[in-house]
Structures are given as C-alpha cells and as structure tokens.
Amino acid sequence: ADEVVDLDGLELAGLMTIPPLTASAEEARTYFVRLRALGDRVRDAHPTAVQLSMGMSLDYEVAVEEGATIVRVGTAIFGERPRA
C-alpha cells in the first residue's frame, strides 16, 4: 500500500481478495475477516483506502457481513459462463 500511494496516476481506494473456492460460503469467512483486519491497518496509514472488494455470487452475503463494500456478482446476474 505504501508503494502504491507513491505511484503517479494511481489512487489506493482499498483492498480486494478472492478466497479459494470452498464448499460453502461460510468457509470463506476467515478470508474476509482477515482482509477486513488488514484493511483497518492500511486505512490507519492511508485514510482514503476505504473499499473492501470481497465476495462473489456464491459467498457475497458472508462478505457483506464481514464488511465488504464492493461485491462481484456476475454469475448471479448473467449465469454460468464457459470457462476458458
């Protein structure tokens, strides 16, 4: 984070994580808790880093419970897509 804020043309808005694929949304909670804690530490040094992008269609509810400000729900909107 310290290095990003010093780069021209970039603004540190927050942090993002994608946890490993788990059997249930609840199993992803640990990763979201850890990112929230890391985000708190980063925000202490960089007050504009307020976003936590975490959670996708299968686990967004748990991510929101843990503080997500941005979720990615493409599959919920567009359905399954072919994998490359």
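That block above? That's the structure.
Just so you know, these numbers come straight off a predicted model, no measurement behind them. In this convention, every chain numbers its residues from 1, walking through the sequence in written order. For this predicted model, a pLDDT threshold of at least 70 governs which residues receive local features, and a threshold of 80 or more governs which side-chain atom pairs are given and counted, while totals over whole chains, interfaces and linings are taken from all residues. For side-chain calculations, the full set of non-hydrogen atoms in the structure is used, while hydrogens and water are omitted.

Q: Lay out the nonpolar core in plain terms, naming residues and giving numbers.
A: Taken as a class, soluble globular proteins show a tendency for nonpolar side chains to be buried jointly. Counting residues in hydrophobic clusters, the biggest one holds 12 residues: Leu12, Leu15, Ala28, Phe32, Leu35, Val42, Ala49, Leu52, Met54, Val62, Ala63 and Ala68. Listed by contribution, the elements that provide at least two residues to this core are helix H2 (29–45), strand E2 (51–56) and helix H3 (60–65). Once residues lying within four places of it in the same chain are set aside, the contact partners of Val42 are Ala1, Leu12, Leu15 and Ala49. Side-chain atoms within 4.5 Å link the members of a nonpolar core, which is a set of buried Ala, Val, Leu, Ile, Met, Phe, Trp, Tyr and Cys residues. Each residue is assigned to one of three classes by its accessible area relative to the maximum for its type, calculated with a 1.4 Å probe on protein chains only: buried under 20%, partly exposed between the two thresholds, exposed over 50%. For the purposes of this entry, the term helix denotes a DSSP run of H or I that reaches at least four residues, the term strand denotes a run of E that reaches at least two, and both are numbered from the N terminus. In this description, contact between two residues means that some pair of their heavy atoms is separated by no more than 4.5 Å.

Q: I'd like a rundown of the pairing of strand E1 (residues 14–17), residues and numbers included.
A: Here a strand pair is declared whenever DSSP counts at least two bridges between the two strands. Sheet topology note: the E1/E2 ladder contains four bridges and is parallel. By the bridge assignment, Thr17 is partnered in E2 with Met54. Looking down the strands as they point away from you, a crossover is right-handed if its path from the first strand over the helix to the second goes clockwise. You can see the chain leave E1, run along H2 and come back into E2, and the turn it takes is right-handed.

Q: Talk me through H2; I want residue IDs and the actual numbers.
A: For a helix, the expected span equals 1.5 Å multiplied by the number of residues minus one. Compared with the 24 Å implied by 1.5 Å per residue over 17 residues, the 25 Å span of H2 between its first and last C-alpha is a close match. Every buried residue belonging to H2 is among Arg29, Phe32, Leu35, Gly39 and Val42, and all of these are buried. The buried side chains of H2 occupy one side of the element, clustering within an arc of 140° when seen end-on. For H2, the exposed residues lying more than 90 degrees away from the buried face are Arg34, Arg41, Asp44 and Ala45. Picture the helix axis, draw a direction to every C-beta atom, and the arc is the one those directions span.

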